[in-house]
Amino acid sequence: MADPTNSDIADALAELGDLYELDGAIIHRVVAYRTAAQSVRDASTSVAALAREGRATELAGVGKTLQEKILALVEHAEIPATVKLRAKFPAGLVQMTRLPGLGPKRARMLYEALGIDSLDALRAAAEGERLRKLKGFGPKAEENILAALEAAPDGEVERRVVLDRALAVGDPIVAALRAHPASAEVELAGSARRMADSCKDLDIIATATDADALVEAFVALPEIESVAGSGSAGARARTHSGIKVDLRVVAPEQFGNLLQHFTGSRAHNMALRESAVRRGLHVSEYGVLDDATGETLECTSEEAVYAALGLAYIEPELRENRGELEAAVDGGAGLPKLITERDLRGDLHAHTTASDGKNSIEEMALAARDAGYSYLAMTDHSASMGFGMDVPPKQLERQIELVKDANEALDGIELLAGSEVNIMPDGSLDYPDELLERLDWAIASVHTSFRLGEREMTDRIVAAIEHPWVDALGHPTGRKVEARRPYPLDVGRVIEAAARTGTMLEINANPDRRDLPDVYARAAAQAGVRIVINSDAHRVRTFERVRRYGIATARRGWLTKADVANTLPYARFMKLRKRARR
DNA sequence: GCCGTTTTCGGCCCGACTGTTTTCAGTCG
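Quick summary incoming for the structure in this document. Keep in mind it's a predicted model, so treat the numbers as computed, not measured.

### Remarks on the overall build of chain A
Within chain A, the regular secondary structure consists of 24 helices and 17 strands. Here the C-alpha atoms of chain A give a radius of gyration of 26 Å, agreeing with the 25 Å that 2.2 N^0.38 yields for 582 residues. Buried positions account for 53% of the 582 residues belonging to chain A. Surface accessibility of chain A: about 25700 Å² in total, with carbon and sulfur atoms responsible for 50%. Positive and negative side-chain charges in chain A, numbering 74 and 89 respectively, have mean positions lying 3 Å apart.

Rendered as structure tokens:
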């Protein structure tokens, strides 16, 4: 029986938290389970292995009790408390609590008073006007429940939008508001500002010389499909692409407070406020209240908010309660000097028409040069890609010559003859070693057989990392944002192998991948692994389009310029390749 | 259930909104 993955353990803890909430546990205990679940989900080493050694308590938010619960899950495949509570509360009840407006308290009341234990039973009872007999429920509650069921018949939660789609909507709206004569400051807030993988909605915070005029202009934008409510304080709207956008207009004196509040994350704000309370300060979106004086400090900037708490300014990408508050004391000595888009000098993962790309070697090279890069690796798919877009060994030999010819013909950009080699299920590669040796650069990736167990998948990838001619591992976890879970993988072992062999790990900048994810990129850099940020471009316009997301992922992973190999000039980068260090 | 520049016990963010309420609990972000 294979160990549960971190994802399995996180799901189990979150479920137990939900069950305890239904059972009427105090909310702090429930929150403790949810915090621990997130901590396990973000961990870069095997939590099952950690728990076997009694060391799961090293994770933030995991104490002695949860160490025991995790160990029970690892050793017996179940947690006794979960088994007990599942028998007490039907699964449909947990689903009911996910409906907007219906929480654990009210859902449980419906179950105990009326025996409602599923979404179907709930619909029938609301339609039969049987809910209004209960204390705390009325006709309006029935109406709201039916509306919620209508909006999400299977109780599914609202889908999040991948960041590039959200920004494609948000950036032009912000630009339009900034261009409006009545606006002063306009900023995107929320998870979009933190450059998270995906967003639920968009929040825009603004100051204005004429708030009414700015709100009117906002709701009249061509992107806006409908408006749920508006006034001089702001408006709630929905775009034609189905994304909710909230605009809040605030007095300049409180702009810093409001922007900080709505940028979040929730976990960051809670931790920030908790630490403030210990100093007798209370932080809200309206200001910082000082217990000692009774005065509320209003802040025009976020810098002023953090300064009021004795903290250095914290970049939005770091605001996830992953140690940034501790790092921001003492003038921010512990905060990293984050990498920026300007720091990238090369791209080591791009495709041409030789495989599934849309442009030629020359076209891709010139586009990379135009994007500001001074070197580019051509890495078409290898021999077994399939779908008729593979490059058999003979063709790769010719491709090497073509890249060399193009390199000589073009000024201002150095080209590397490379390949994106498939990692076969057994960990071998699909080109002979003699051919791989002739390349300037090889990146190895998994494109098939995703369904291996964690042990097999990790062995497979570690074998590729240990291969002498593999310079980097491409999109290491295989995840697709909001679309595909990562394959089961012990990322800790992958990082260890990469550090030991001098193999780079990629942050694939495709906004649907962003792989390595931020938390793993951070763990890898801490372990001394060189990160390489790549576009995985399949056409010329991709270079500019995706750099933003690769850099954002790196910044969310606390990476500096020094952590990322392709910030180096060409000659120094070349010496850092594994094949150059043999 | 976790955790400690007050603490190993007693706290654990802050405010808005809603629907049902004669003063507030539950839910949400």
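### Some points on the pairing of strand β8 (residues 281-284)
Here β8 shows a clear split, with Leu281 and Val283 buried on one side and none of His282 and Ser284 buried on the other. Pairing analysis gives four bridges linking β8 to strand β9 (residues 287-290), with the strands arranged antiparallel. Residue pairing across strands places Ser284 opposite Gly287, the latter belonging to β9. Following β8, the chain reverses through two residues before pairing antiparallel with β9.

### Looking at the pattern of salt bridges
Under the defined criterion, the tally for this structure stands at 41 salt bridges. Measuring nitrogen to oxygen at the nearest pair gives 3.3 Å for the salt bridge that ties Arg485 to Asp11. In this pair, Arg485 sits in the loop between β15 (472-473) and α21 (491-501) while Asp11 sits in helix α1 (residues 6-22), placing the two residues 474 residues apart along the sequence.

### With respect to the packing of helix α10 (residues 163-179) against helix α23 (residues 542-556)
Where α10 meets α23, the axes come as close as 12 Å, and the angle between the chain directions of the two elements is 110°. Classed by the angle they form, the pair α10 and α23 counts as roughly perpendicular. The segment α10 lies against α23, with Leu163, Asp164, Leu167 and Asp171 engaging Arg545, Arg548 and Tyr549. Taken together, the residues of the contact of α10 with α23 sort by class into three nonpolar, no polar and four charged.

### What about the packing of aromatic side chains?
A complete count under the given rule lists seven aromatic pairs for this structure. Arranged with centres 5.8 Å apart and planes meeting at 55°, the rings of Tyr375 and Tyr570 form a pair that is tilted. Placement of the pair is Tyr375 in strand β12 (residues 375-381) and Tyr570 in helix α24 (residues 570-576), with a sequence separation of 195 residues. On the basis of relative accessibility, which here comes to 0%, the residue Tyr375 falls in the buried class. Take Tyr570: its relative accessible area is 25%, and that puts it in the partly exposed class. When the ring centre of Trp469 is taken as reference, the NZ or CZ atom of Arg582 above it lies at 4.3 Å.

### Considerations on a positive patch on the surface
A contiguous patch of positive charge on the surface is contributed by Lys337, Arg342, Arg345, Arg530, Lys561, Arg572, Lys575 and Arg581. Its location among the elements puts Lys337 in the loop between α16 (324-327) and β11 (346-350).

### Some thoughts on the protein's contact with DNA strand B
Among the 39 residues in the neighbourhood of DNA strand B, the closest are listed as Gly63, Gly101, Gly103, Gly138 and Arg273. Those atoms of DNA strand B that come within 4 Å of the protein belong to sugar or phosphate at a rate of 74%. Gly61 is positioned with one of its backbone polar atoms (N or O) 3.0 Å from a phosphate oxygen of DNA strand B. One of the backbone nitrogen or oxygen atoms of Leu66 is found 3.4 Å away from a phosphate oxygen of DNA strand B. Broken down by secondary-structure element, the contributors of at least two residues to the surface near DNA strand B are α2 (27-42), α4 (64-76), α7 (104-114), α9 (139-151), α14 (266-277) and β8. When residues of the surface near DNA strand B are assigned to their parent elements, the largest contribution, five residues, is made by α14.

### Some points on the nonpolar core
With 65 residues, the main nonpolar core has Leu376, Leu415, Ile461, Leu505, Ile531, Ile533 and Phe543 as its most contacted residues. Among the elements that take part in this core, helix α22 (residues 518-526) stands out by supplying six residues, more than any other. For Leu505, the contacting residues outside a window of four places in its chain are Leu473, Val494, Ile495, Ala498, Leu516, Ala524, Val529, Arg530, Ile531 and Val532. Counting 49 residues, the second-largest nonpolar core is a separate cluster that includes Val30, Val47, Leu50 and Leu93.

### Thoughts on the sheet that holds β8
Strand order across the open sheet formed by three strands is β8-β9-β10, with antiparallel pairing between neighbours. Among the strands making up the open sheet, the edge pair consists of β8 and β10 (296-297).

### Quick word on α9
Spanning 13 residues, α9 covers 19 Å between terminal C-alpha atoms, matching the ideal 18 Å at 1.5 Å per step. Turning to α9, its buried residues number three or more, namely Ala141, Glu142, Ile145, Ala148 and Leu149. All buried residues of α9 lie within an arc of 130° about the axis, which places them on one face of the element. Along α9, exposed side chains directed more than 90 degrees from the buried face belong to Lys140, Glu150 and Ala151. Those residues of α9 that are buried are in contact with α7 and α8 (119-127).

### Here's the deal with unusual backbone geometry
Omega for the peptide link from Gly264 to Ser265 comes to -5°, which places this bond in the cis form. Structurally, the position occupied by Ser265 is in the loop between α13 (255-263) and α14. Note that the residue after Asp515, namely Leu516, is joined by a cis bond; omega there is 10°. In this structure, Leu516 sits in the loop between β16 (504-508) and α22. For Arg514, which is not a glycine, the phi torsion comes out positive at approximately 45°. Relative to the helices and strands, Arg514 resides in the loop between β16 and α22.

### What about helix α17 (residues 361-370)?
All of the buried residues along α17 are Ile361, Met364, Ala365, Ala367 and Ala368. Down the axis, α17 shows its buried residues gathered within 165° of arc, on one side only. Tucked inside the fold, the buried residues of α17 contact β11, β12, α18 (393-409), β13 (414-422) and α23. With its phi angle positive at about 100°, Gly372 sits one or two positions after the end of α17.

### Quick notes on the sheet that holds β16
Spatially, the seven strands line up as an open sheet ordered β11-β12-β13-β14-β15-β16-β17, and their pairing is parallel. Among the strands making up the open sheet, the edge pair consists of β11 and β17 (531-534). Two elements, β12 and β13, share seven bridges in a ladder whose sense is parallel. Across the sheet, the residue bridging to Tyr375 is Glu414, located in β13. Strands β11, β12 and β13 of the sheet are contacted by α17, whose axis makes an angle of about 140° with β12.

What counts, and where the lines are drawn
- Residues numbered from 1 in each chain as written.
- Chains lettered and ligands numbered in written order.
- Predicted model: local features only at pLDDT ≥ 70, side-chain atom pairs only at ≥ 80, totals over all residues.
- Heavy atoms only, no water.
- Helix = DSSP H or I, 4+ residues; strand = E, 2+ residues; numbered from the N terminus.
- Rg over C-alpha atoms; globule rule 2.2 N^0.38 Å.
- Buried < 20%, exposed > 50% of the residue type's maximum accessible area, 1.4 Å probe, protein only.
- Areas by Shrake-Rupley, 256 points an atom, 1.4 Å probe, with all protein chains shown as cover.
- Lys, Arg positive; Asp, Glu negative; His and termini not counted.
- Charge placed at Lys NZ, Arg CZ, Asp CG, Glu CD.
- Pairing = 2+ DSSP bridges.
- Salt bridge = Lys/Arg side-chain N within 4 Å of Asp/Glu carboxyl O.
- Axes fitted to C-alpha atoms, helices over the stretch in contact; angles between N-to-C directions.
- Parallel < 35°, antiparallel > 145°, perpendicular 65-115°, else oblique.
- Contact = heavy atoms within 4.5 Å.
- Nonpolar A, V, L, I, M, F, W, Y, C, P; charged D, E, K, R; others polar.
- Phe/Tyr/Trp six-rings, centres within 6.5 Å; stacked < 30°, edge-to-face > 60°.
- Lys NZ or Arg CZ within 6 Å of the ring centre and 35° of its normal.
- Patch = residues over 30% accessible without salt bridge, like charges linked within 9 Å, V, L, I, M, F, W, Y side chains within 5 Å.
- Near = heavy atom within 4 Å.
- Polar contact = N/O pair within 3.5 Å; in protein donor to acceptor, adjacent residues only side chain to side chain.
- Core = buried A, V, L, I, M, F, W, Y, C linked by side-chain atoms within 4.5 Å.
- Expected span 1.5 Å × (residues − 1).
- Arc of directions from axis to C-beta.

Read these as layout, nothing more, since geometry by itself doesn't imply function.
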